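Chain by chain, the residues run as shown.
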Amino acid sequence: MADDVPGHLRAMRAGVWEGRYPPIAQLANRIVHQGTRSQAAVHTVPFLVRMALDPGLADRHRFVGLLAAIAIGLDNNCLPNGYDPREDRATLADVRGEADDAARWIDEAADDEQRKQREGSCAQVLIDAEAVVRSYDAVREALPALAVLLTSDSPELRSSTANLLAWFPESAATSVPLLKAFVADEVSPGAAATGVVALGLLGEPAAVPFIRRYLDSPVVELRWASAFALTRFGIADPAVGDVLTQVVARPPEKTETMSFLSGSYMGLAAMALAETPGATTLRAVDAMLAGLADCRGAEAFDDRYYTAQTLFRLVFPDVPAEPPRSFGDLSDVQQRVVRFVADQDEAGRPSGGMDAFRRWKVPTRHSDLRVFVGGAQAGASPATRRAPA
């Protein structure tokens, strides 16, 4: 039941709360928990829009951020290629089209208890599919009203609004001109970079010349954003690869004015680099490892997690037909990664890659991994090494 949602909304407007977590976090946990939108999510949209537009309230960028989560769920599930609402609409159509099959499955239940369980399961699948589409459409209807926030006095609010526009390709005809004007005038590097990334995620080819002009910008955030956005259009020439390689090794300082993926320039650069032909070259892999080596502390969690997840997926793809018998059986880039992990202390180990090690039967315990690396024969034949797919 969502009977606590009105209270969270009132507390958000008042700016006061009791307990450990602020009301916006409590509300988000109820209506977009881990990206799953509840039935109540769509009904909060008008209230959040009004709060986002109210200049008397603080931290309005967080309201806009919650609207983006209501629209698409977790942004990391949509990066680096953007959101396609047609997929969720097709899912809803499939669920509705399977109503007769669901009814037969319910009728075949062995007893009343199983019948109730099946009825509840089918009803929930439909509820969830409808909630996703309705939530997205509700936020999309509010975009014209929210677009004025691109001219707000707050760089965080301007950035969050540019981020929001990125997820609605069906509104690209209106959003692209707004974002181009926003980027051209924006003084905050992080917010301007968010606008360039948004243009890329919208996927409108006519925006490519505008995006490309920032590839040579003296501002590193804009160079990064241009390179990231260009890969969205399949553009991965050496200049794009060079920028992404440089940024993944030495990213700009994280701020709230770059609002994609919790502000992780490194994680997003790694995702974009993974879309280029040079993703598994020694140069690209060494750049990602150099970036990971500097990821320390809780504030670097997102950088460490998303970069490692991308790197390990690239270097250790799928499940090998024949697991390596020794360190020498790995390819050069795989050896680089395994040796890097073996050399890290507990705080520096990239946990996002351990599943890849397990798939490839590479030891995951630190002590075992060090033995695995240390026991390698220096003269292992390159012919025995298995290159990544």
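Let me sum up the structure you'll find in this document. (Residues numbered from 1 in each chain as written. Predicted model: local features only at pLDDT ≥ 70, side-chain atom pairs only at ≥ 80, totals over all residues. Heavy atoms only, no water.)

1. Remarks on the overall build of the protein chain
This is how it is decided: Only runs of H or I of at least four residues qualify as helices and only runs of E of at least two qualify as strands under DSSP, and these elements are numbered from the N terminus. The globule rule used for comparison is 2.2 Å times the number of residues to the exponent 0.38, while the radius of gyration itself is calculated over C-alpha atoms. Think of it in three bands: with a 1.4 Å probe and only protein chains considered, a residue is buried below 20% of the maximum accessible area for its type, exposed above 50%, and partly exposed in between. The method behind every accessible area is Shrake-Rupley, applied with a 1.4 Å probe, and residues are considered shielded solely by the protein chains displayed. Counted as positive: Lys and Arg. Counted as negative: Asp and Glu. His and the chain ends are not counted at all. Throughout, a charge is located at the NZ atom of Lys, the CZ atom of Arg, the CG atom of Asp or the CD atom of Glu.
Scanning the protein chain for helices and strands turns up 19 helices and 0 strands. Relative to the compact-globule value of 21 Å for 389 residues, the protein chain shows a C-alpha radius of gyration of 24 Å, a close match. Dimensions along the principal axes, computed over C-alpha positions, put the protein chain at roughly 65 × 65 × 45 Å. Across the 389 residues in the protein chain, those meeting the buried criterion constitute 50%. When the accessible surface of the protein chain is split by element, carbon and sulfur atoms take 51% of a total near 18600 Å². One finds the centroid of the 40 positive side-chain charges in the protein chain at a distance of 4 Å from the centroid of its 50 negative side-chain charges.

2. A word on the nonpolar core
If you look at soluble globular proteins, the nonpolar side chains tend to sit buried side by side. Heads up, the condition is: Definition of nonpolar core: a set of buried residues of the types Ala, Val, Leu, Ile, Met, Phe, Trp, Tyr and Cys, connected through side-chain atoms within 4.5 Å. Residue contacts follow a heavy-atom distance rule, with two residues in contact if any of their heavy atoms lie within 4.5 Å.
Within the largest apolar cluster, 119 residues are counted, with the highest numbers of intra-cluster contacts made by Trp167, Trp224, Phe312, Phe316 and Val338. Ranked by residue count, the leading element in this core is helix α10 (residues 189–202), at 9 residues. If we ignore the near neighbours within four places in the chain, the residues touching Trp167 are Ala68, Ile72, Asp75, Cys78, Leu79, Gly82, Tyr83, Tyr136, Leu201 and Phe260.

3. Things to note about the packing of helix α15 (residues 282–293) against helix α16 (residues 301–315)
Counted only if it meets this: Think of each axis as a best-fit line through the C-alpha atoms, taken over the contacting stretch in the case of a helix, with angles from 0 to 180 degrees between the N-to-C directions. Oblique is the label for any angle not under 35 degrees, not over 145, and not in the 65 to 115 range, which are roughly parallel, roughly antiparallel and roughly perpendicular in turn. Crossing handedness is defined as follows: a turn of the near helix away from the far one that is anticlockwise and smaller than a right angle gives a left-handed crossing, while the clockwise case is right-handed. Polar here means any residue outside two lists: the nonpolar Ala, Val, Leu, Ile, Met, Phe, Trp, Tyr, Cys and Pro, and the charged Asp, Glu, Lys and Arg; Gly therefore counts as polar.
Orientation of α15 relative to α16, taken along the N-to-C sense of each, is 155°, at an axis distance of 10 Å. When the axis of α15 is compared with that of α16, the two are roughly antiparallel. α16 is crossed by α15, and the crossing has left-handed handedness. Contacts from Val285, Met288, Leu289 and Leu292 of α15 reach α16 at Asp303, Arg304, Thr307, Ala308, Leu311, Leu314 and Val315. Looking at the contact of α15 with α16 residue by residue, the classes come out as 8 nonpolar, 1 polar and 2 charged.

4. A look at the pattern of salt bridges
Our working definition: Salt bridge criterion: a side-chain nitrogen from Lys or Arg within 4 Å of a carboxyl oxygen from Asp or Glu.
Within the structure shown, the criterion is met by 19 salt bridges. Across the pair Arg283 and Asp242 runs a salt bridge whose closest N-O atoms are separated by 3.1 Å. Of this pair, Arg283 sits in helix α15 while Asp242 sits in helix α13 (residues 238–249), placing them 41 residues apart in sequence. Owing to a relative accessible area of 47%, Arg283 belongs among the partly exposed residues under this scheme. According to the relative accessible area criterion, Asp242 is partly exposed, its value standing at 30%. Across the salt bridge formed by Arg296 and Asp345, the nearest N and O atoms sit 2.9 Å from each other. Of this pair, Arg296 sits in the loop between α15 and α16 while Asp345 sits in the loop between α17 (332–343) and α18 (354–359); the two residues are 49 residues apart in sequence, bridging distant segments of the chain.

5. Some points on helix α19 (residues 366–374)
We apply this condition: The arc in question is traced by the directions running from the helix axis to the C-beta atoms.
Listed in full, the buried residues belonging to α19 are His366, Leu369, Phe372 and Val373. Summarising the axial view, the buried residues of α19 lie within an arc of 120°, below the 170-degree limit, and thus occupy one face. More than 90 degrees from the buried face of α19, the exposed residues found are Val371 and Gly374. In the core, the buried residues of α19 are packed alongside α17 and α18.

6. Quick word on the environment of Val125
Its place among the elements puts Val125 in helix α7 (residues 112–146). Spatially, the C-alpha atom of Val125 lies 19 Å from that of Leu74, the residues being 51 residues apart in sequence.

7. Some points on the packing of aromatic side chains
The description of two aromatic rings rests on the distance between their centres and on the angle between their planes. We apply this condition: Stacked, tilted and edge-to-face are the three classes applied to pairs of Phe, Tyr and Trp rings, where Trp contributes its six-membered ring and a pair requires centres within 6.5 Å; stacked means planes under 30 degrees apart, edge-to-face means over 60, and tilted covers the rest.
The final tally for this structure, using the stated rule, is 13 aromatic pairs. For the pair Phe316 and Phe357, a centre-to-centre distance of 5.5 Å together with 75° between the ring planes defines the contact as edge-to-face. Placement of the pair is Phe316 in the loop between α16 and α17 and Phe357 in helix α18, with a sequence separation of 41 residues. Of the two residues, Phe316 and Phe357, neither departs from the other in class, the shared state being buried.

8. Description of the packing of helix α3 (residues 41–52) against helix α4 (residues 60–72)
In the contact formed by α3 and α4, the axes pass within 9 Å of each other and the chain directions differ by 155°. Comparing their axes, α4 and α3 come out roughly antiparallel. Handedness of the α3/α4 crossing: left-handed. Residues Ala41, Thr44, Val45, Leu48, Val49, Met51 and Ala52 of α3 form the contact with α4, whose own contacting residues are Arg60, Phe63, Val64, Leu66, Leu67 and Ile70. Taken together, the residues of the contact of α3 with α4 sort by class into 11 nonpolar, 1 polar and 1 charged.

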